[in-house]
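Notes for the structure review
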Amino acid sequence: MTETRGTILVVEDEPEIRRFLRTSLATEGYRVVEAGSGARGAIDAGSQKPDLAIVDLGLPDIDGVDVIRRIRAWSPMPILVLSARAQERSKVEALDAGADDYVTKPFGVGELLARVRVALRHATRPGSGKPVLKLGKVSADLEKHVVKRDGAEVHLTALEFRLLACLAKHLGMVVTHRQLLREVWGPSHVEHTHYLRIYMKQLREKLEDDPVQPRHLLTETGVGYRLVAEED
Amino acid sequence: MSAVRPDPDALLARVQREEAKAKRGKLKVFFGATAGVGKTYAMLEDARALKARGVDVVVGYVEPHGRAETEALLEGLERLPYRHIAYRGAALRDFDLDAALARKPQILLVDELAHSNPLEGEPRPRHAKRWQDVEELLEAGITVHTTVNVQHVESLNDIVAGITGVRMQETVPDSVFERADEVVMIDTPPDVLLERLQAGKVYIPEQARNAIENFFRKGNLIALRELALRTTADRVDAAMREYREGQGIRATWAAGERLLVAIGPDEQGERLVRAGKRMATALHADWIVVYVETPELLRLSDEKRNRRIALLRLAESLGAEAVTLGGSSAGAEIANYAQERNVTRIVIGRPRRPLWRRLFQPSTYGELVAGTKGIDILVVGGGDEASALRNPFLARSRAYLGAAHPGTKRRWPGYAWGVAATALWTGLGALISPHFELVNIAMVYLLAVVLVAVRFGRGPAIATSFLALAAFDFFFVPPLLSFAVSDVQYLITFAIMLTVALIISNLTASVRLQANVAGQRERRTAMLYAMTRELAATRGQEPMARAAVRHVSEVFESQAVVLFPDAAGRIRHPRGASTPGSLRGADLAVAQWVQDHGEPAGLGTDTLPSAESVYLPLKGSQAVLGVLAVLPANVRRVLLPEQFHLLETFAGQIAIALERALLAEQAQRAQVEAETEGLRNALLASISHDLRTPLAVISGASSSLVERGERLGADERKALAASIFEQSQQMGGLVGNVLEMTRLEAGAIALNRDWHSMSEIAGSVLRRLQDRLESHLVEVDLPMELPLVRVDAALIEQVLANLLENAAKHTPPGTRITLRVDQQDDSLLVSVEDAGPGLPAGDPEQLFAKFHRGNTEGAVAGVGLGLAICRAIVRLHGGRIWAETRAEGGAAFRFTLPVEPAPRVPREA
């Protein structure tokens, strides 16, 4: 008696990887729909009504990013991309085109399932769903703009807060540099990555036990940042 | 007698000759005493027989001579179309060489080997002579049958002329005749021949009708027939000798005779050269033709000098080495040279000087006899040669005085000076006469003569001699102021004074001239040396060509250019700017011919001699590297044999230099290839080992799970699966490294630079490597405020990851690994330090070399690319990476990253 936790569409041309994904996801209770090509995937996205799509970037017929755009044109469903190592650019492109997160091949199944969980949850409840975010010793009330660490209040500048809030909105998922810069500083600042470095550093110093090895404000090198809360 | 082993060098030469011969077509000559013996007829008969046997025989050119029988024989044989040439308003039919080359039959019939091609015709024939056309055919592998009369053979030319009184203009060089593979003598008894002539069956060209009547006298015919028979017999003899030599039967091989023929500007020269040829052939000896340029001979009329040129070239074409020597005395020079060259026989002509001169100067013959020991001297008697000059004495005396030379006008100042000197000396003499003896005055005058001779040459010196004598007589010899002489002894004084003056002026002038000549020679050698030296220091084809052109154009007073073939072997005009001496508009067609055949062509050669420039091949050891084209301002600069030789020497040096450049390039390429090969092999060896191990584990573990999975316990299964996972991670890392390295090497990595924080990158790496660094104590030491750096974060992460993994792999578990970043003036210094055993022995730089592994093979896996990749990445960023041993023990790997001033971040309100 397996309650389906949702339908997942897998768009992947390698049958071996499809099989492996199907096995893992099915064991977790998801219903899996497979598509062997980008075109097929775009169609199935419409006909099968999945709750989440996993799209491989290296598809033979049409570019994975194209598939994402097509799906995004009419659906807000969460999309995870499978990318190869050292292909930061394509990851960024996919994320900017509308994907929500990525997993780099070769990947462990745990990582994938975690990301699937987060993505599905974000679809139903953006952010943590609660107004107060708990990151270890830190608690941040996003509504009241109050951040406390170990009970003591921590002062965040307006930009720092906006940054934190933006990351919290996509809790558990990666946010690209571009997205962050656009949402926090504005569209004219999308190239100013150095802002992010400075501000992330400041945030980490204020909120993390070890700013150099953060546990919550994580770096996704070459792509963006990810805010991870306790339960993950 | 027992067989003597044949000389290995000679045998080798023979083998090489035979190899070359095998590729050439064969030449079969139908040889006869005169026209009309039936050579063409025999050739055609032979051809028809061959054709009947199925051989591909084509008629290239046959002149039927109006004989019906010959015409009949032509039927049934394929004939090449004639080449129509317009020559002086008339239309000629001639042999079409290009059509023959295109048709490429097995055997081609080409009549009349000695025929001269109409050079001024349109279209211009490629070669001057038909035998040269035939040479080209033979080179192309086509066998040629042809006809030759005995009078056409070069070295026999003058003998035949002597017999018949008719000198043939068209000749075939002896070398061509000698190299023929087969010579068939067509013999017809003179009586039969005369009958044929009466019957009108012998072809006689209109112009020669009268001469031919003379020619066809029975006595002539008999003599010619004998000559033809003898020539054929000689050939047989030579063939037999060669055979015997090859078999080691050495009996009568001449013990290396060498002949020297000394020629002068007189008419005996030609006869001597031909005689030399005959003798050299008979003796199977090398022969040298020597012309000594004495100062006297330098002043010859132009006509005589041209004759000298022609003689030397004739000598060369007959197979001699033509040498010009310089010196004051012909005899002495020849004697020296002969000793040097180990000459065994010297051939000279009869002395021609009148007796009175022979009293004053020893004849060449006399000097030779005195100066040589053990060398035979042969004086060749001559016939009556008509002299072309009307008054040889006059011409000679004019030449003697230098009046016939250009620059005569310049002599006048010399005479003026002579007069002035005499006057001056007279004045001087007048001053000192009261105090000195008369004899001293005479000496003073002699001094004046010497000075004038040194400065102005022979003519003015002689004039001065007479003037001085007159002045001496007039002013100093009693009775003073008169030309009478009171004391008879003064007459003797005068005579001796005059003689001495003349001798001195002669000698001094000679010395001067000789010095000039030597100076010229030295200059030429110096120029060759200068060019060679410059070429040795030049790199690259184009600069060499430019340097060569500069030197050649200077030395030979001409314009020159070096033409190179492109990849397909076609000659192209050079690109690039032209220098003052460079020749534009060289004939590419001629140059192409030279490139293809490796033989010189153009002015002064036998091929396309009507071209304006001379084209020389630049021959490397294996191929023709290019063509040197030279357009001389003065044609004589090239036509003189020694000038031509010098030009060929220059060409040779240029070729050597070019070949050197080519070889250097090839060597470098070969080295690079070898290196790449080496690396590839190392990589393959490494990878195959390092992939096999994890693959073995993976296949082993997975097959266990597949086949025996149910029988295994859950823990066991988990362990197997874990090991599969681990090994696959390992393999992934390896493959990743290799791919990375390949991309870095191929330059395919474009840095994706952006502003990053080192602490962020460090954090990211540590998180990624969490598992692998588990076993060690990892410490991070970063200053609070670090400037941002513009780097490719993924690549720098890679570097840190490699260094940290290395540290973990090579140090014992539980020890400390420290990641430190320090700020230096304009860079960041990043270090990964460990507390392990430190660096291995040897040069730390070696660690960063590709495929280097600290301890070869064994437990530590990894292809050995990690550090090489680090170095490549750090270098791409403009930094340095190195390894050192820490004072406290353990190793430290450090690298720098340059810091640029970061853009400012606006303060928040």
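A cluster of nonpolar side chains, contributed by Val488, Leu491, Ile492 and Ile496 of chain B, occupies part of the molecular surface with about 400 Å² of accessible area. Position of isoleucine 492 of chain B among the secondary structure elements: in helix α21 (residues 488-537).

Here we come to the sheet that holds strand β9 (residues 258-263) of chain B. Strands belonging to one sheet form pairs held by backbone hydrogen bonds; the direction of such a pair is parallel or antiparallel. All names here are of chain B. Judged by pairing direction, the sheet is parallel, and its five strands sit side by side in the order β11-β10-β9-β12-β13 without closing on themselves. Each end of this open sheet is capped by a strand with a single partner; those strands are β11 (321-326) and β13 (376-380). Between one strand and the next, the sheet's axes are offset by a mean angle of 25°, whatever the strand orientation. Bridge count for β9 against strand β12 (residues 345-349) is three bridges, and the pairing is parallel. The residue of β12 that forms the bridge with leucine 260 is isoleucine 346. Packing of helix α11 (residues 268-283) onto the sheet brings it into contact with β9, β10 (286-293), β12 and β13, and relative to β9 it is tilted by some 175°.

Time to look at the sheet that holds strand β25 (residues 891-898) of chain B. All names here are of chain B. Within the open sheet, the five strands sit side by side as β20-β22-β23-β25-β24. Their pairing is mixed. Each edge of the sheet is formed by a strand with only one pairing partner; in this case those strands are β20 (777-781) and β24 (881-885). On average, adjacent strands in this sheet sit at an angle of 15° to one another, irrespective of strand direction. The pairing of β20 with strand β22 (residues 816-823) spans five bridges and is parallel. Bridge pairing in β22 places leucine 777 opposite arginine 816.

The subject of this paragraph is the environment of arginine 875 of chain B. If you trace the backbone, arginine 875 of chain B turns up in helix α29 (residues 866-876). Measuring from C-alpha to C-alpha, the distance between arginine 875 of chain B and leucine 897 of chain B comes to 9.2 Å, with 22 residues separating the pair along the chain.

Tallying the contact residues gives 29 residues for chain B and 24 residues for chain A. Carbon and sulfur atoms make up 52% of the surface buried where chain B meets chain A, a total of about 2,300 Å² over both sides. Interface area lost by chain B to chain A is led by Glu760, Arg767 and Glu908 of chain B, which between them contribute 28%. Linking chain B with chain A are three salt bridges. Residue lysine 201 of chain A pairs with glutamate 785 of chain B through a salt bridge whose shortest N-O separation is 3.7 Å. Summed over the shared surface of chain B and chain A, the result is nine residue pairs in polar contact (both at pLDDT 80 or more).

Let us look at unusual backbone geometry. Residues and elements named next belong to chain A. We note that lysine 49 has phi near 50°; this positive angle belongs to a residue other than glycine. What makes lysine 49 exposed here is its relative accessible area of 64%. Residues other than glycine seldom take positive phi values, yet histidine 145 does so here, at roughly 60°. One can find histidine 145 in the loop between β7 (138-141) and β8 (146-149). Relative accessible area serves as the criterion here: at 52%, histidine 145 is assigned to the exposed category.

What counts, and at which threshold
- Residues numbered from 1 in each chain as written.
- Chains lettered and ligands numbered in written order.
- Predicted model: local features only at pLDDT ≥ 70, side-chain atom pairs only at ≥ 80, totals over all residues.
- Heavy atoms only, no water.
- Patch = residues over 30% accessible without salt bridge, like charges linked within 9 Å, V, L, I, M, F, W, Y side chains within 5 Å.
- Areas by Shrake-Rupley, 256 points an atom, 1.4 Å probe, with all protein chains shown as cover.
- Salt bridge = Lys/Arg side-chain N within 4 Å of Asp/Glu carboxyl O.
- Helix = DSSP H or I, 4+ residues; strand = E, 2+ residues; numbered from the N terminus.
- Pairing = 2+ DSSP bridges.
- Axes fitted to C-alpha atoms, helices over the stretch in contact; angles between N-to-C directions.
- Contact = heavy atoms within 4.5 Å.
- Buried area = accessible area lost by both parts, 1.4 Å probe.
- Polar contact = N/O pair within 3.5 Å; in protein donor to acceptor, adjacent residues only side chain to side chain.
- Buried < 20%, exposed > 50% of the residue type's maximum accessible area, 1.4 Å probe, protein only.

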